[in-house]
Amino acid sequence: NTCSIDHLWKCTAVVGEQSVCQHVAVDLNAADKTTLNPLFTLFHSADVTLFLVKDPKQLDVAEFGDEDWQYIEIQLAVPPSSSIFSEEVAYSRNQAISKGRISTSDYTALDNAIREEDGIVDIGSGLKHKQIVRLSRPANLTHVLLSLIYRHTGTTVGGEYRYVTVTIVDIHGDKTPKVTVPLRYVGANDQSPVVNITNNVADLVEGQVEVCVTCGSLTVTDDDHDFFPIKSASVRLVGDVESFLYQRLELRATSSLINVTYNVATGEISLVGDASEMEYQAMLNAVIYANTFEDIGGLPFDHVVVVFSVSDGQNTPGTADVIVRLINVNDRPVLLINGRLSENVSFHEGGNPVALLSNSVRITDSDNKYLAGATITLVQNQTTDFISVSTSGTTITVATFRQGVDFRLELRGKALIEVYEKVISSFTFSTALPRPSLPTVVYRLVTLTVSDGTNTSNVVEVHVGIIPLNDGPIVQFNPHADPDKFASLSDRSHAIAMTEENGPVVVVPDTTTARDVDSRNAGGATLQLHDVKDGLKEILSVNKSLAQTFGIEVNVSVSWTSVNITLRGIALFQVYRQVLLTLQYDNKEIIEPQEGFRTVFITLVDEQGAPSLPAIITVTVTRRNDP
């Protein structure tokens, strides 16, 4: 490895900035041809001829005497794809040396000293001999070596290597080691890159935030790609600069060969670096379009254009674009009451209708100013329940429906959201509970939705608590009366008779019941005797000892026209019933008592003081037939 071929000649070359020894013998039959460093890179235009050795300084050949050498053997090995008529090694005697490089303006045919053996010989490893040339004893060996040229006359050439070997043979038939010059044919950089996108429409549906632009459908091709890399590329948004505040392009890939920058002001991604088509293709297919605008439907445009551009640094860049459609999704309205999805209101039995929603209704719709309707449903309503609404001054109409056990009221008509808020705020609820009402609070469920004509809002629930009145106790004498209803006059009426000097008589029958649907205890009772005709001789009494046993205080007041007994004390209704069963009437007038009716009124009150309807006992007094 002294870069010398015995004492005969040596050849060195500069590849880039690295000196490479080119004297090492290379056998064309070797399996690996790609390990050779090319001495030249050949650029092709029509009928260009280049020299195998560009600079005489690269060549140092010891001169031979005429008796020392016999001929030079030059071999050209080409790939199988080569045309047998398009490539050759030639010898030009008309040459000029200028600026250290050999150029030629006149190519001549091989002189008579050259013996050409042209043909195709398979030498393995995918190569073949195209040509073998023997040049016999020219006058100047250096001149001959500097005059060797490679010529290509074809129109298309692949990027495979060619190999030219030179061997000097002396008069004894001994050969120097072969010196091999690898050649790679490179076409001219005269083809623009081509960007093709098979799927050039992408959809960003509202709510997605981002979408891949090409989704792998972009390809980059360049007919010169074997010899000339792609230099740069760009991806940019076409649109209003202000829109880049909420929309952007992102590149979700990296490459050690390509530097990527993003310009926020212009919305452009720049890619710079020498790399292959496939490298740039992979990067560009990783572009993402993102849009963070809350309401795509509110944008002044319904699509954006993403432009891809690829350049080889010399020719017109290849471009292609993708239309990203912004698909607006009609958002449903949002209905809230005091910022919540539910509300509790109270209706007092017997009171005025209660507002279900008042002025706390708030309706929003990100992509509509108008609503098309609203529905309010009273779930499992009772026949005594009533809902009303006011649409005065609007174009909204009202329709009512009964669906199973539910009652539905529908508002219909296009109107501004503010109008619907006002109308919905006017909803009221009332009910007329049967008497007596239930003892505890009962609830009704009211649901409400609004619609923009396409989508229906969330459901808002209103829980109406119906607060019943405190019902008074019930006193009745009819054992067959309905215990869940107020006693009718006949159920709470009773009649007894008394004959002169045949008293006292029990006033209250043992069929009497005393109860209260919403109270466990009674708080007192009033027993009144009216229509007294015999003054103080008419007596109304109860068992005071029994009453006092249960803590019930008994007070009696008497007048010429009436008798009043007042019972006070908290006790079970059953206790008060036992006391009432001891109520007696007597008339002490022994001389002709006044005949006719006396009336006893019995009124119970509960713990809260609510009175019962009076129970009425009629006492008929008759005289005895004296002898």
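Up top is the structure.
Residues numbered from 1 in each chain as written. Predicted model: local features only at pLDDT ≥ 70, side-chain atom pairs only at ≥ 80, totals over all residues. Heavy atoms only, no water.

Trainee: Mind showing me how you'd approach a nonpolar patch on the surface here?
Mentor: Taken together, the side chains of Leu536, Val556, Val558 and Trp560 define a hydrophobic patch exposed on the protein surface, amounting to about 440 Å² of accessible area. Along the polypeptide, Val556 turns up in strand β43 (residues 553–558). A relative accessible area of 51% places Val556 in the exposed class. (Patch = residues over 30% accessible without salt bridge, like charges linked within 9 Å, V, L, I, M, F, W, Y side chains within 5 Å. Areas by Shrake-Rupley, 256 points an atom, 1.4 Å probe, with all protein chains shown as cover. Salt bridge = Lys/Arg side-chain N within 4 Å of Asp/Glu carboxyl O. Helix = DSSP H or I, 4+ residues; strand = E, 2+ residues; numbered from the N terminus. Buried < 20%, exposed > 50% of the residue type's maximum accessible area, 1.4 Å probe, protein only.)

Trainee: Help me understand the state of the cysteines in this model?
Mentor: A disulfide bridge is the covalent bond that connects two cysteines by way of their sulfur atoms. Evaluated as defined, the whole model comprises one disulfide. Between the sulfur atoms of Cys212 and its disulfide partner Cys215 the distance amounts to 1.8 Å. Every disulfide takes its handedness from the sign of the S-S torsion; for Cys212 and Cys215 that torsion is 75°, giving right-handed. Cys212 sits in the partly exposed class, given a relative accessible area of 26%. (Disulfide = S-S within 2.5 Å.)

Trainee: What exactly am I supposed to notice about the nonpolar core here?
Mentor: Considering soluble globular proteins, one finds that nonpolar side chains tend to be buried as a cluster. Counting 36 residues, the largest nonpolar core has Leu540, Leu567 and Leu583 as its most contacted members. Taken together, the elements giving at least two residues each to this core come down to β38 (493–499), β41 (521–530), β44 (563–572), α5 (573–580), β46 (596–606) and β47 (615–622). Among the elements that make up this core, the one with the highest residue count is α5 (five residues). Leu583 has contacts with Val505, Val506, Val507, Val508, Leu527, Leu540, Ser541, Val542, Ile565, Val600 and Ile602, leaving out every residue within four places of it along the chain. Counting residues in hydrophobic clusters, the runner-up holds 35 residues, among them Val195, Val235, Leu251 and Ala275. (Core = buried A, V, L, I, M, F, W, Y, C linked by side-chain atoms within 4.5 Å. Contact = heavy atoms within 4.5 Å.)

Trainee: When you look at the sheet that holds strand β33 (residues 406–416) in this model, what are you seeing that I'm missing?
Mentor: The strands making up a sheet associate through hydrogen bonds between their backbones, and the pairing can be parallel or antiparallel. Ordered by their spatial adjacency, six strands build an open sheet running β27-β36-β35-β30-β33-β32, and the pairing between neighbours is mixed. Single-partner strands in this sheet number two, and they are β27 (342–348) and β32 (397–403). Put simply, the sheet's adjacent strands are angled 20° from each other on average, direction ignored. Judged from the seven bridges that link them, strand β30 (residues 370–379) and strand β35 (residues 442–451) form a sheet pairing that is antiparallel. Across the sheet, Ile376 pairs through a bridge with Leu448, a residue of β35. Set on the sheet, helix α3 (residues 417–424) makes contact with β30, β33 and β35; between it and β33 the angle comes to about 150°. (Pairing = 2+ DSSP bridges. Axes fitted to C-alpha atoms, helices over the stretch in contact; angles between N-to-C directions.)

Trainee: I keep staring at the packing of aromatic side chains and nothing clicks. Help me out?
Mentor: Aromatic ring pairs: the centre-centre distance and the angle between the two ring planes describe each pair. By the definition in use, this model includes two aromatic pairs. Ring centres 4.9 Å apart and planes at 50° place the aromatic pair Tyr246 and Phe293 in the tilted group. With Tyr246 in the loop between β19 (230–238) and β20 (247–251) and Phe293 in the loop between β23 (287–291) and β24 (303–311), this pair connects stretches of sequence that are 47 residues apart. Consider the rings of Phe347 and Phe429, whose centres lie 5.9 Å apart with planes at 85°: the pair is edge-to-face. With a gap of 82 residues between them, Phe347 in strand β27 and Phe429 in strand β34 (residues 428–431) connect regions that are remote in the sequence. When the ring centre of Tyr370 is taken as reference, the NZ or CZ atom of Lys414 above it lies at 4.6 Å. (Phe/Tyr/Trp six-rings, centres within 6.5 Å; stacked < 30°, edge-to-face > 60°. Lys NZ or Arg CZ within 6 Å of the ring centre and 35° of its normal.)

Trainee: Would you mind going over unusual backbone geometry with me for this structure?
Mentor: Note on backbone geometry: most residues besides glycine have negative phi, and most peptide bonds are trans. Omega for the bond connecting Gly503 with Pro504 falls within 30 degrees of zero, at 0°, which places this linkage in the cis form. Among the structural elements, Pro504 can be located in the loop between β38 and β39 (505–506). A positive phi is found at Gln380, a non-glycine position, where the angle reads about 50°. Classification of Gln380 by relative accessible area gives exposed; the value is 53%.

Trainee: Could you clarify how one ought to interpret the pattern of salt bridges in this entry?
Mentor: Pairs may arise between side chains of opposite charge once their charged atoms sit close together. Under the definition given, this model contains 15 salt bridges. Overlapping salt bridges, with partners in common, bring together Glu210, Arg248, Glu250 and Arg252 in one network.

Trainee: Hey, could you run me through the pairing of β46 in this one?
Mentor: For a regular strand, the rule is simple: side chains alternate between the two faces of the sheet. Where β41 and β46 come together, eight bridges link them in antiparallel fashion. Pairing of Ala525 across the sheet is with Leu604, part of β46. Where β46 lies against β47, seven bridges are found, and the strand directions are antiparallel. If you follow Gly596 over to β47, its bridge partner there is Val621.

Trainee: Honestly, the sheet that holds β34 in this entry has me stumped. Any pointers?
Mentor: One open sheet holds the three strands; their spatial order is β28-β34-β31, and the pairing between them is antiparallel. Looking at the sheet topology across the chains shown, the edges are occupied by β28 (354–355) and β31 (385–388). Note: β28 against β34, two bridges, orientation antiparallel. Bridging from a neighbouring strand, Ala355 pairs with Thr428 of β34.

Trainee: Mind showing me how you'd approach α3 here?
Mentor: Note that an α-helix has 3.6 residues per turn; residues three or four places apart therefore point the same way. Ile417, Tyr420, Glu421, Val423 and Ile424 are the residues of α3 that are buried. Buried positions in α3, seen along its axis, are confined to an arc of 165° and lie on one side of it. Pointing more than 90 degrees away from the buried face of α3 are the exposed residues Glu418 and Lys422. Here the buried face of α3 lies against β29 (361–364), β30, β33 and β35. (Arc of directions from axis to C-beta.)

Trainee: Just to check I follow, could you spell out the environment of Val459 for this structure?
Mentor: Locating Val459 in the fold gives a position in the loop between β35 and β36 (460–467). For Val459 and Ser342, which are 117 residues apart along the polypeptide, the C-alpha to C-alpha distance reads 8.8 Å. The residues touching Val459, leaving out its near neighbours within four places in the chain, are Leu341, Thr447, Leu448 and Thr449.

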